[in-house]
Amino acid sequence: MLNLYNSWLNSAGVRRGIDFNDLISDGYFCPEERQPLLNYAKQLLVGHPEQEIILKNAAWILLQSFYYYLLDVASLETAFICKVNSGIINDEFSVKFDQETKIVASTIIIDEGFHTNLALLAIEKIKEITNIQPLKTIHDANIYQILQCCYEQLNPELHNDFNLLVNCILENTLTKDLDLVLTKKDISQLNSFTLDVLEKHFRDEARHSVYAFKVAEQFWQKLEPTDRLQLIPALNHFVNEYLEHDILQDINFNRIILASLNISYATASAAMEYCQHFNHSHKETLKQSLTIFLQKVGIDLL
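Now for a description of the structure that goes with this document. (Residues numbered from 1 in each chain as written. Predicted model: local features only at pLDDT ≥ 70, side-chain atom pairs only at ≥ 80, totals over all residues. Heavy atoms only, no water.)

So, on to the overall build of the chain. Assigned secondary structure in the chain consists of eleven helices and zero strands. Along the chain, from the amino end to the carboxyl end, the secondary structure elements read α-α-α-α-α-α-α-α-α-α-α. Whereas a compact globule of 302 residues would reach a radius of gyration of roughly 19 Å, the chain reaches 20 Å, a difference of no more than 12%. Along the three orthogonal principal directions, the C-alpha set of the chain runs to about 60 × 40 × 30 Å. For the chain, the share of sequence-separated contacts (at least 6 apart) that also reach a separation of at least 24 residues comes to 84%. As displayed, the chain has an accessible area near 13,700 Å², and 52% of this comes from carbon and sulfur atoms. Counting 24 positive and 39 negative side-chain charges, the chain places the centres of these two groups 3 Å from one another. (Helix = DSSP H or I, 4+ residues; strand = E, 2+ residues; numbered from the N terminus. Rg over C-alpha atoms; globule rule 2.2 N^0.38 Å. Contact = heavy atoms within 4.5 Å. Areas by Shrake-Rupley, 256 points an atom, 1.4 Å probe, with all protein chains shown as cover. Lys, Arg positive; Asp, Glu negative; His and termini not counted. Charge placed at Lys NZ, Arg CZ, Asp CG, Glu CD.)

All right, on to the packing of helix α7 (residues 144-151) against helix α10 (residues 225-260) then. Between α7 and α10, the least distance of the axes is 9 Å, while the angle of their chain directions is 155°. The orientation of α7 relative to α10 falls into the category roughly antiparallel. As α7 packs across α10, the resulting crossing turns out to be right-handed. Side by side, α7 and α10 meet where Ile146, Leu147, Cys149 and Cys150 of the first sit next to Ala234, His237, Phe238, Glu241, Tyr242 and His245 of the second. A breakdown of the residues in the contact of α7 with α10 according to their chemical character gives seven nonpolar, two polar and one charged. (Axes fitted to C-alpha atoms, helices over the stretch in contact; angles between N-to-C directions. Parallel < 35°, antiparallel > 145°, perpendicular 65-115°, else oblique. Left-handed = near helix turned anticlockwise from the far one by under 90°. Nonpolar A, V, L, I, M, F, W, Y, C, P; charged D, E, K, R; others polar.)

What follows concerns the side chain of Glu171. Looking at the secondary structure, you find Glu171 in helix α8 (residues 159-182). In this structure Glu171 is buried but unpaired, with Arg207 as the nearest side chain of opposite charge at 9.3 Å. When neighbours within four sequence positions are excluded, Glu171 is seen to be in contact with Ile81, Ile108, Glu112, Glu205, His208, Ser209 and Ala212. (Buried < 20%, exposed > 50% of the residue type's maximum accessible area, 1.4 Å probe, protein only. Salt bridge = Lys/Arg side-chain N within 4 Å of Asp/Glu carboxyl O.)

Let us now look at the pattern of salt bridges. Following the criterion strictly, the structure yields nine salt bridges and no others. Residue Asp111 is joined to Arg207 by a salt bridge in which the shortest nitrogen-to-oxygen separation is 2.6 Å. You can see Asp111 sitting in helix α6 (residues 99-130) and its partner Arg207 sitting in helix α9 (residues 192-222), a full 96 residues away along the chain. Arg207 carries the same exposure label as Asp111, and that label is buried. In this structure, Arg207 engages Asp204 in a salt bridge whose closest nitrogen and oxygen atoms are separated by 3.3 Å. With a gap of three residues between them, Arg207 and Asp204 both fall in helix α9, about one helical turn apart. This pair shows no difference in class: Arg207 is buried, exactly as Asp204 is. One network of salt bridges, in which partners are shared, links Asp111, Asp204 and Arg207.

With that out of the way, let us pick up helix α4 (residues 49-56). Taken together, the buried positions of α4 are Glu50, Gln51 and Ile54. The buried residues of α4 all sit within an arc of 110° when viewed along its axis, so they share a single face. What points out from α4, more than 90 degrees from its buried face, is the exposed set Pro49, Glu52 and Lys56. (Arc of directions from axis to C-beta.)

One turn of the α-helix equals 3.6 residues, which is why residues spaced by three or four share an orientation. For α8, built from 24 residues, the straight-helix expectation of 34 Å at 1.5 Å per residue is met to within 8% by its first-to-last C-alpha distance of 35 Å. The buried count for α8 comes to 19 of 24 residues, which makes it a mostly enclosed element. (Expected span 1.5 Å × (residues − 1).)

This structure, assessed with the given rule, holds zero disulfides. In this structure Cys30 is not part of a disulfide, and its nearest cysteine sulfur, from Cys275, lies 13 Å away. Residue Cys30 is classed as buried on the basis of its relative accessible area of 11%. With no disulfide partner, Cys82 has as its closest neighbouring cysteine sulfur the one in Cys168, 14 Å distant. Judged by relative accessible area, Cys82 falls into the buried class, the value being 15%. (Disulfide = S-S within 2.5 Å.)

The next thing to look at is the packing of α6 against α9. Where α6 meets α9, the axes come as close as 11 Å, and the angle between the chain directions of the two elements is 155°. For the element pair α6 / α9, the angle class is roughly antiparallel. Along this stretch, α6 crosses α9, giving a crossing that reads as left-handed. In contact with Thr101, Val104, Ala105, Ile108, Asp111, Glu112, His115, Leu118 and Ala122 of α6, α9 contributes Phe193, Val197, His201, Asp204, Glu205, Arg207, His208, Tyr211, Val215 and Gln218. Within the contact of α6 with α9, the residues separate by chemical class into nine nonpolar, five polar and five charged.

Locating Phe162 in the fold gives a position in helix α8. On a C-alpha basis, the gap between Phe162 and Ala119 in space is 28 Å, while along the polypeptide they are 43 residues apart. If we skip the residues at most four places from it in the chain, Phe162 touches Leu147, Cys150, Tyr151, Leu154, Leu231, Ala234, Leu235 and Phe238.

If you want it as C-alpha cells, here you go:
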C-alpha cells in the first residue's frame, strides 16, 4: 500500500495544481465524440433545418456538457467516497484494515476534496470568462435511493459493508469512464484547461482504482461465506440500477439541452432514442470492465 502513498506524493493532482489561465486557450470544453446530440445532428439530420441550430450551438452544448461533468464530480465524490474512506480510517466495517491502508485512505479523501474544490472553482471561473450559466438540470448524482433498494435484500448489519464494496465499484467505474474520454480520437480539440483537468483526474482515479481493488480483495477474502452469498445479489442489483440511473440522467440532461434550443418535439424524441442507444453502448463497456474488476476480486455477478 505504501507504494500508492509514494505515488500520491509524486503525482497527485492536489500537489501539482491547475493553471486557470489555460481557460482562455482555444478548443472545446468537451470531446465532440462524447456528446451524442452532435453525433445525431451530423449523422441523422443532414438537410434538416434543425441540424444547423444544433451544430451552430456546438460550443455551447459542449460547455454545458463540461459543466455537467463538473457538477457530477462535485456531488458524487464528497457525498459518498469520502464518507467510506473515513469509515476505513475509523474501523467502521466488519473487516478492519492495517495502518498503511488507512494512510492511503486519507490521501483519497484529500484527492476527492481537491476534485470537488476544483470543480466548483472551475464552474465559477468559466462563468466569469464566458458569461454563460450552467443549465438548471435535475442533477441527482447521489446514489442513496439505489442503495436503499439494495439494503432491502440485506441484513442491517451488512449495510455498511455493502457501502464499502459499492465505493470500490464507483472508483473503478470513474476510472474507466475517464479513460474512455481520454482515448477519444478528437481529444486534441479540447482546450488546455479541460485536458489538464481530465488528465489529472484520471491519474488520481487510476491510483484510487488500484487501491479500491486491494481493499475489496482483502475485504472479500475475510468475509464470512454466508455474508458473501447475501451480498452478491445486492451488488448485482446495484451495478445494473446505477448504470441505468446514469443513462436516464444523461438522457434527461440532453433533453434539457434541446428544449433550451427550442428544438421540435419530433426531432427531440428521435434524438432521445439515439442518445439512449449511445449511452447503453457506453454503459455496457463500463459494465464489462467492472465485471472483470469484480471477478479479479473474487466476486462473480449473477
